[in-house]
Amino acid sequence: MTTPTPAPAGRPVRLLIVDDDPLVRAGLALMLGGAADIDIVGEGADGSEVAALVEQLGPDVVLMDIRMPVMDGLTATEMLRGRPEAPEIIVLTTFHADEQVLRAIRAGAAGFVLKDTPPAQIVDSVRRVAAGDPVLSPAVTRQLMARAAGPGREERQDRAERARRRLTLLAEREREVAIAVGHGRSNAEIAAALYLSVATVKTQVSRILAKFDFNNRVQIALLVHDAGLLEDDDGPGLS
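Read on for a plain summary of the structure. (Residues numbered from 1 in each chain as written. Predicted model: local features only at pLDDT ≥ 70, side-chain atom pairs only at ≥ 80, totals over all residues. Heavy atoms only, no water.)

Let us look at the overall build of the protein. Each helix and strand in the protein was counted, giving 11 helices and 5 strands. Put simply, the protein has 239 residues, and 49% of those count as buried. In the protein, once contacts between residues fewer than 6 apart in sequence are set aside, the share between residues at least 24 apart is 71%. (Helix = DSSP H or I, 4+ residues; strand = E, 2+ residues; numbered from the N terminus. Buried < 20%, exposed > 50% of the residue type's maximum accessible area, 1.4 Å probe, protein only. Contact = heavy atoms within 4.5 Å.)

Set out below in structure tokens:
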């Protein structure tokens, strides 16, 4: 798997919109097309069209509905995540903590936005994802993590054990950074708390992503949560 790279600076973000509702697509196109730094390169009506559209149009970001009739956004996300130079994916949903959204994040989506999100925030989300930042706020991340904790006790214990084993791959500083990421902290906040430069934090995050073959920070946060490292801790230096 190749980790998606941020869109090159100095040119508009190339955006592909995928939704089975033509009115929703038209509304999103109108909303996002007014931003000078976003170029809507195409639209799709179903997840089954995404691979060909990505191959043809080369978008930086795909804004993808999660519920579509032939191939849903989750399946399309899982299909795209293994592509070389895969685009970033933002999932569109009507739910705050849908189990399918959680699965999409685990599959490598960069985050999600609600369909009733104010237009300016959707535009900002596309910009942030194109720059390599997730679009999940700490509050939304906590909602997803709470949903992740839903299975029975035995399953949670098994998942916690697996997560702890995986985290043994990290050096001590990487582990500290991972926990801070799990608390939804920005690179600047992590740098201040751990007395590091922002560049060093970015390097540490990149190493963590590479070690676990992850696409984005949200997957780090979910792994740390699964390991039970966020329950009684506000993060290093951030209490």
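Moving on from the model shown.
Tracing the backbone through its elements, the reader meets Thr77 in helix 3 (residues 73-80). Classification of Thr77 as buried rests on a relative accessible area of 1%.

What follows covers the packing of aromatic side chains. All chains considered together, the criterion is met by 1 aromatic pair. Judged by centre distance (5.4 Å) and plane angle (40 degrees), the ring pair of Phe212 and Phe214 falls under tilted. Residue Phe214 is classed as buried on the basis of its relative accessible area of 10%. (Phe/Tyr/Trp six-rings, centres within 6.5 Å; stacked < 30°, edge-to-face > 60°.)

Bringing the pairing of strand 3 (residues 61-65) into the picture now. Strand residues, when the strand is regular, have side chains that alternate between the two faces of the sheet. By the criterion of burial, strand 3 is predominantly enclosed, with 5 of the 5 residues buried. Covered by surrounding structure in strand 3 are Val61, Leu63 and Asp65 together with Val62 and Met64, the residues of both alternating faces. With helix 3 bridging strand 3 and its parallel neighbour strand 4 (residues 88-93), the resulting β-α-β unit is right-handed. (Right-handed = clockwise from strand over helix to strand, strands pointing away.)

Another point: the pairing of strand 2 (residues 38-44). Bridge count between strand 1 (residues 13-18) and strand 2: 6 bridges; the pairing is parallel. The residue of strand 2 that forms the bridge with Leu15 is Ile40. Taken together, strand 1, helix 1 (residues 22-33) and strand 2 form a β-α-β motif whose crossover is right-handed. (Pairing = 2+ DSSP bridges.)

Another aspect to go through is the side chain of Asp226. Relative to the helices and strands, Asp226 is located in helix 11 (residues 217-226). Within the structure, the side chain of Asp226 is placed 3.5 Å from the side chain of Arg159, a separation counted as a polar contact. (Polar contact = N/O pair within 3.5 Å; in protein donor to acceptor, adjacent residues only side chain to side chain.)

Topologically, Leu170 is positioned in the loop between helix 7 (153-167) and helix 8 (172-182). Contact partners of Leu170, with chain neighbours within four places excluded, come to Arg175, Ala178, Ile208, Lys211 and Phe212.

Moving on, we get to helix 11. A large share of helix 11 lies buried, amounting to 10 of its 10 residues. Those residues of helix 11 not exposed but buried are Arg217, Val218, Gln219, Ile220, Ala221, Leu222, Leu223, Val224, His225 and Asp226. Following helix 11 by one or two positions, Gly228 adopts a phi angle in the positive range, close to 80 degrees.

Attention now moves to the pattern of salt bridges. Under the defined criterion, the tally for this structure stands at 9 salt bridges. Here Glu176 makes a salt bridge to Arg173, at a shortest N to O gap of 2.7 Å. Of this pair, Glu176 and Arg173 both sit in helix 8, 3 residues apart, roughly one helical turn. Using a relative accessible area of 32% as the deciding quantity, one classes Arg173 as partly exposed. A cluster of three or more residues bridged by salt bridges with shared partners is formed by Asp19, Asp65 and Lys115. (Salt bridge = Lys/Arg side-chain N within 4 Å of Asp/Glu carboxyl O.)

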